[in-house]
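Working through the structure, step by step
So the chains spell out like this:
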Amino acid sequence: MFSFKSLALLALCALPAARAATFEVVVGGANGLKYNPESVTAQPGDLVRFIFQQKNHTVTQSTFAAPCAKFNGGFDSGFVPVAEAQTEFPVAEFSVTSTDPVWIYCAQGTHCSAGGMVFAINPGDRFAAFKAAATGAAAPSGTSTTAGTPSATTTGTGTASAPSSTATKDIKVIVGGPGALTFNPSNVQANIGDNIIFEFHQKNHAVVKSTFEAPCVPMASGFDSGFFPVADDATTFPTYSVRVNDTRPVWAYCPQGNHCGQGMVFSVNAVEGGDRSFQAFQDLAKQINGTAGGATGGGYGNSGFQPTISSASAVVAGLFALAALL
Ligand SMILES: *[C@@H]1O[C@H](CO)[C@@H](O)[C@H](O)[C@H]1NC(C)=O
Ligand SMILES: *[C@@H]1O[C@H](CO)[C@@H](O)[C@H](O)[C@H]1NC(C)=O
């Protein structure tokens, strides 16, 4: 199973065959207020993958003239908080569409203006000047871009899939209910920052994060709501909320009895139609019903297959897309 999945993943990764290169940029983490590396030189078709590590940073497009001010219509990852203990890191991808410079900063607090937390794609020999301008002065508001700075045209191309600081939303999911061993809806599409509000209805359910490979086994350090017994005549229902931290699929199940083996599973951002769709996940849960890997009696074994988040991405979309790993 494992090696097969790995192969399948590799095959997926090979899909964007036209890409000449992929650059990985670590955002924050052990490097502090820094993108590492601080700039890349890329060709159209190349991919820049921003890997968000510890603290709470953004990848936000600015301009050469105003390094620490958001460029209207530019892309913006929004804030991506990463907890100290976190070992899986959210990724945002930027598809390079031209050799024009793209100027980027972290919009958190004074990371840019005091920390010089900036990044550039194709800065030529202007990166030092850009960084100096970031820390040298507060971002001039309303300043237009330097003549000849082509970042504006860069963003005009491609698809506008930037999650530019749109308000986050709450997504309600009904868990159980009379006669229902379901999460409803069972797969939802969510953006970073959205909250999944699980509303527990009749019987005694829980929602626990698992992995695609082991649908009915808790994932180490994953969320676990604990059980919510709800009386048959209840009219108010307890809730448990989980924040969506990235756009990779999230897999979860109900650990009660054999609910999982009967298909009581849930996913966020599963890709329909593929071999890692919600349906494939549910089928697997039912298939391993009662066998090793399936939870029985609400048992929380630790035999869970722990996927390591590889740096190879399977999803590429739009001018600036958040990438789903695994
Ligand atoms: C991340 O930073 C933003 C902006 O400062 C803040 O609103 C948000 O609460 C922070 N998130 C966490 C989890 O610290
Ligand atoms: C997002 O991160 C928070 C804080 O680490 C965690 O409690 C929550 O379970 C995470 N969400 C998902 C979907 O794993």
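Residues numbered from 1 in each chain as written. Chains lettered and ligands numbered in written order. Predicted model: local features only at pLDDT ≥ 70, side-chain atom pairs only at ≥ 80, totals over all residues. Heavy atoms only, no water.

Another aspect to go through is the site of ligand 1. Around ligand 1, the neighbouring residues are Asn56, Phe79, Pro81 and Gln108. At a separation of 2.7 Å, an oxygen atom of ligand 1 approaches a polar side-chain atom of Gln108. Expressed as a share of its isolated accessible area of 360 Å², the protein-covered part of ligand 1 is 39%. A per-class count over the shell around ligand 1 returns 2 nonpolar, 2 polar and no charged. (Near = heavy atom within 4 Å. Polar contact = N/O pair within 3.5 Å; in protein donor to acceptor, adjacent residues only side chain to side chain. Areas by Shrake-Rupley, 256 points an atom, 1.4 Å probe, with all protein chains shown as cover. Nonpolar A, V, L, I, M, F, W, Y, C, P; charged D, E, K, R; others polar.)

The next subject is the site of ligand 2. Lining the immediate environment of ligand 2, one finds Lys209, Phe223, Val242, Arg243, Asn245 and Val250. One nitrogen or oxygen atom from the side chain of Lys209 is found 3.0 Å from an oxygen atom belonging to ligand 2. One nitrogen or oxygen atom from the side chain of Asn245 is found 2.4 Å from an oxygen atom belonging to ligand 2. Per-class residue counts for the shell around ligand 2 are 3 nonpolar, 1 polar and 2 charged.

Following the sequence through the fold, Arg276 ends up in the loop between strand 20 (265-268) and helix 4 (278-287). A polar atom in the side chain of Arg276 sits 3.3 Å from the side chain of Glu213. (Helix = DSSP H or I, 4+ residues; strand = E, 2+ residues; numbered from the N terminus.)

Spatial strand order, 12-11-14-18: 4 strands in an open sheet with mixed pairing. Single-partner strands in this sheet number two, and they are strand 12 (183-184) and strand 18 (239-243). With 2 bridges connecting them, strand 11 (residues 170-175) and strand 12 associate as antiparallel partners. Residue pairing for strand 12: Val175 is matched across the bridge by Phe183. (Pairing = 2+ DSSP bridges.)

Applying the stated criterion across every chain yields a total of 2 disulfides. Across a sulfur-sulfur distance of 2.0 Å, Cys68 and Cys112 are joined as a disulfide pair. Taking the sign of the S-S torsion, about -75° here, the bridge from Cys68 to Cys112 comes out left-handed. One end of the pair, Cys68, is in the loop between strand 6 (60-61) and strand 7 (80-82); the other, Cys112, is in the loop between strand 9 (102-105) and strand 10 (118-121), and 44 residues separate them in sequence. (Disulfide = S-S within 2.5 Å.)

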